[in-house]
Amino acid sequence: MKVLTVVGARPQFIKTVPMTAALEAAGCRQVIVHTGQHYDYRLSQIFFDELGIPEPDVNLGVGSGKHGVQTAGMLVGLEEVIQQYHPDWVLLHGDTNSTVAGVLAATKLHVLVAHIEAGLRSFNRKMPEEINRIVVDAISDVLFAPTEEAVHNLEHEGVNGERVYLVGDIMYDAALMHSRRAEQSSGILKRLKVEKGGFILATVHRAENTDDPRRLSVIFDGLRQVAETIPVVLPLHPRTRSVLERLDILDTIERELAVIEPVGYIDMIMLEKSAAVVATDSGGVQKEAFFHKVPCVTLRDETEWVELLDMGWNRICPHSSADDVADTIISAIGIQGRPGKPYGEGRACDKIVTALLERKIST
Ligand code: UD1
Ligand code: UDP
């Protein structure tokens, strides 16, 4: 069986690690196509170098741009590549512009498409990711849902039966694969001179925060208040860096917070495991905080990972004022949620490969 995997953004490289292992174990051939959505070393190549992901067979080099320009560039490139490689399946991850370009290109060429991380919904159509999810789930052939909630969301949209598989979350597979290595080999705590439990880890990159100066100021004023009590480590996404620069607040933030370049996955796991609280607008980082049993504050108005709210591991941060942001983060220190396994047992990738092989035989 030949699978063509489309990747383009940081979390998709990380998800490719356990998927590649499962595909190789089952004797499948994988063609990796990198759209070029992320291209800085620390957002892209670092993951290939550090995690042993095979180098992409093709890099479309599309780069950054408005949604239309970026997605259209990917679509043109993917159409060519899919015709060149004739895969049995096109495999798509998550909800980025690379994902939506992949589904449009493949389905129109009548190639089977499998969507991993299907069924997630924020019910906020202002998010570009929500539009991408709805489109990708509507036209993919097979939907691999990470959670029961995701399956319910699909049912509510009238999607069920043979198209939907509840497999668990492949990011849990990835976290289990690398957790011990992070403990053994990451030197990040020493480099930053922070101790286990002695800092807050923050990440901010979502458009709904970076593209709204008021919201962004409230978040960063809140983080600065937190930093008066406990150090705040901030691996800064280039998108957020350039907005902070434009707003002329980057220097202040760099003085008061431990601002660092984006880190590799191994250092990131170590930071997540060691933080007193994780404060983030990232989808992946919310779940990873839970995998490592660290309380999380979500810097958004809603989350797709609602089970973590129910279990008490995560809370939504009010954005009304910097005081609210700071209070929510500080008061999360020491809180532990209820135990549970909403993301499966770390075998999601094996289940996905088994389903792909079965479906291929039956078509
Ligand atoms: C994208 C995804 C988002 C995902 C995130 C993962 C979409 C619509 N958004 O957001 O869902 O959570 O990836 O990290 O697909 N930039 C660089 N260097 C790079 C890449 C980007 O400087 O290597 C800067 C550019 O100024 C670019 C901006 O970041 O315009 C945004 O990049 P883009 O890939 O469009 O969106 P992300 O915010 O990274
Ligand atoms: N990540 C990383 N280095 C960083 C920030 C994040 O390796 O400096 C990892 C993180 O551990 C998670 C993934 O990137 O696995 C999440 O990506 P991101 O927050 O960019 O996107 P999202 O999950 O919100 O789509």
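Here's a quick rundown of the structure. As the structure is a prediction and not an experimental result, all values here were calculated from the model. (Residues numbered from 1 in each chain as written. Chains lettered and ligands numbered in written order. Predicted model: local features only at pLDDT ≥ 70, side-chain atom pairs only at ≥ 80, totals over all residues. Heavy atoms only, no water.)

Turning next to the site of ligand 1. Around ligand 1 lies a shell of 19 residues, among which His38, Tyr39, Glu129, His205 and Arg239 are the nearest. Here an oxygen atom of ligand 1 and a side-chain polar atom of Gln37 are 2.9 Å apart. In this structure, Asp40 approaches ligand 1 through a main-chain N or O atom, which is 2.8 Å from an oxygen atom. About the coverage of ligand 1: the protein hides 85% of its 740 Å² of free accessible area. Only α3 (67–85) and α11 (238–246) provide two or more residues apiece to the shell around ligand 1. Looking at the shell around ligand 1 residue by residue, the classes come out as five nonpolar, nine polar and five charged. (Near = heavy atom within 4 Å. Polar contact = N/O pair within 3.5 Å; in protein donor to acceptor, adjacent residues only side chain to side chain. Areas by Shrake-Rupley, 256 points an atom, 1.4 Å probe, with all protein chains shown as cover. Helix = DSSP H or I, 4+ residues; strand = E, 2+ residues; numbered from the N terminus. Nonpolar A, V, L, I, M, F, W, Y, C, P; charged D, E, K, R; others polar.)

Okay, the nonpolar core next. By size, the foremost hydrophobic cluster in this structure holds 34 residues, and its most contacted members are Phe47, Leu51, Ile53 and Tyr265. Secondary structure elements with two or more residues in this core: α1 (10–25), α2 (45–51), β6 (142–145), α6 (148–156), α7 (170–185), α13 (265–274) and α14 (283–291). When residues in this core are grouped by element, the largest group, five residues, is from α7. Ignoring sequence-local partners within four residues, the contact set of Tyr265 consists of Ile14, Phe47, Glu50, Leu51, Met171, Ala174, Ala175, His178 and Glu288. Counting 29 residues, the second-largest nonpolar core is a separate cluster that includes Ile219, Val226, Leu299 and Cys317. (Core = buried A, V, L, I, M, F, W, Y, C linked by side-chain atoms within 4.5 Å. Buried < 20%, exposed > 50% of the residue type's maximum accessible area, 1.4 Å probe, protein only. Contact = heavy atoms within 4.5 Å.)

Before going further, it helps to examine the environment of Ser242. Summarising the element assignment, Ser242 is placed in helix α11. Of the residues examined, Ser242 reaches a relative accessible area of 33% and is grouped as partly exposed. Between the C-alpha atom of Ser242 and that of Leu154, which follows or precedes it by 88 residues, the distance is 37 Å. At 3.1 Å, the side chain of Ser242 forms a polar contact with the backbone oxygen of Arg239.

With that settled, the discussion passes to the sheet that holds strand β1 (residues 2–7). Here seven strands make up an open sheet; going across it, the order is β3-β2-β1-β4-β5-β6-β7 and the pairing parallel. Each edge of the open sheet is held by one strand with a lone partner, namely β3 (58–59) and β7 (164–166). Bridge count for β1 against strand β2 (residues 29–34) is six bridges, and the pairing is parallel. By the bridge assignment, Val3 is partnered in β2 with Gln30. (Pairing = 2+ DSSP bridges.)

This part takes up the environment of Ser64. Following the sequence through the fold, Ser64 ends up in the loop between β3 and α3. Exposure remark for Ser64: the relative accessible area of 52% places this residue in the exposed category. In sequence terms Ser64 and Gln84 are 20 residues apart; their C-alpha atoms lie 25 Å from each other. Setting aside its immediate chain neighbours within four residues, Ser64 contacts Gln37, Tyr39 and Gln70. Reaching out from Ser64, the side chain makes a polar contact with the side chain of Tyr39 at a distance of 2.7 Å.

Next up on the list: the packing of aromatic side chains. With the rule as written, the count across this model stands at nine aromatic pairs. Measuring from centroid to centroid gives 5.9 Å for Phe290 and Tyr343, while their planes differ by 65°, and the two rings are edge-to-face. Taken together, the residues Phe290 in helix α14 and Tyr343 in the loop between α16 (322–332) and α17 (348–362) connect sequence positions 53 residues apart. For Tyr343, a relative accessible area of 2% puts it in the buried group. Taken together, the ring pairs connect Tyr172, Phe290, Phe291, Trp305, Trp313 and Tyr343 into an aromatic cluster. One residue, Lys293, lies across the ring of Phe290, its end atom 4.4 Å from the ring centre. The cationic tip of Lys293 hangs over the ring face of Trp313; the distance from NZ or CZ to the ring centre is 5.6 Å. (Phe/Tyr/Trp six-rings, centres within 6.5 Å; stacked < 30°, edge-to-face > 60°. Lys NZ or Arg CZ within 6 Å of the ring centre and 35° of its normal.)

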